Amino acid sequence: MPASRSFGERLRLVFHLGYYAATWQLPNHAGLPPCSVGLNVPGRLAAVGADHRDPTRAGAFFVFASAELRYERHGRAVPGRGERRRER
């Protein structure tokens, strides 16, 4: 279903704020204590920390500043719009 049909007029209120973020859970193989460890430089942040409820699990958080990237959310690249190629 197209987003315009799903969200109607509210779709026009959605706009890019200049950042992208990603989070996920992973095993705590490093034995991290229940606190976060992070590294940041202007426009980028990476952090990882143990889960307070389950010390065998950890969470990772990454955020970066970027102009709006155009991409297909279902895995198909949109040529010329935000797709990046690896340097070989």
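Residues numbered from 1 in each chain as written. Predicted model: local features only at pLDDT ≥ 70, side-chain atom pairs only at ≥ 80, totals over all residues. Heavy atoms only, no water.

## Focus: the pattern of salt bridges
Between side chains of opposite charge, pairing is possible as soon as their charged atoms come close.
So, point 1. In total, this model carries one salt bridge according to the counting rule given.
So, point 2. Of the charged contacts in the structure, one is a salt bridge between Asp51 and Arg53, with a shortest N-O distance of 3.5 Å.
So, point 3. A relative accessible area of 16% places Asp51 in the buried class.
So, point 4. Looking at Arg53, the relative accessible area reads 76%, which means it is exposed. (Salt bridge = Lys/Arg side-chain N within 4 Å of Asp/Glu carboxyl O. Buried < 20%, exposed > 50% of the residue type's maximum accessible area, 1.4 Å probe, protein only.)

## Things to note about the packing of aromatic side chains
So, point 1. Tallied over the full model, the rule gives two aromatic pairs.
So, point 2. Judged by centre distance (5.6 Å) and plane angle (20 degrees), the ring pair of Tyr20 and Phe64 falls under stacked. One end of the pair, Tyr20, is in strand β1 (residues 19–27); the other, Phe64, is in strand β4 (residues 57–65), with 44 residues separating them in the sequence.
So, point 3. The exposure class of Tyr20 is buried, given its relative accessible area of 17%.
So, point 4. Among the residues examined, Phe64 registers a relative accessible area of 35% and is labelled partly exposed. (Phe/Tyr/Trp six-rings, centres within 6.5 Å; stacked < 30°, edge-to-face > 60°. Helix = DSSP H or I, 4+ residues; strand = E, 2+ residues; numbered from the N terminus.)

## Re the confidence of the model for the chain
So, point 1. Per-residue pLDDT for the chain averages 80, and the proportion of residues at 70 or more is 68%.
So, point 2. Highest mean pLDDT in the chain belongs to β4 (95); lowest belongs to helix α1 (residues 3–7) (58). (pLDDT = per-residue confidence, 0-100.)

## Let's talk about the side chain of Asp51
So, point 1. Secondary-structure assignment places Asp51 in the loop between β3 (44–50) and β4.
So, point 2. A distance of 2.7 Å separates the side chain of Asp51 from the backbone nitrogen of Arg53, its partner in a polar contact. (Polar contact = N/O pair within 3.5 Å; in protein donor to acceptor, adjacent residues only side chain to side chain.)

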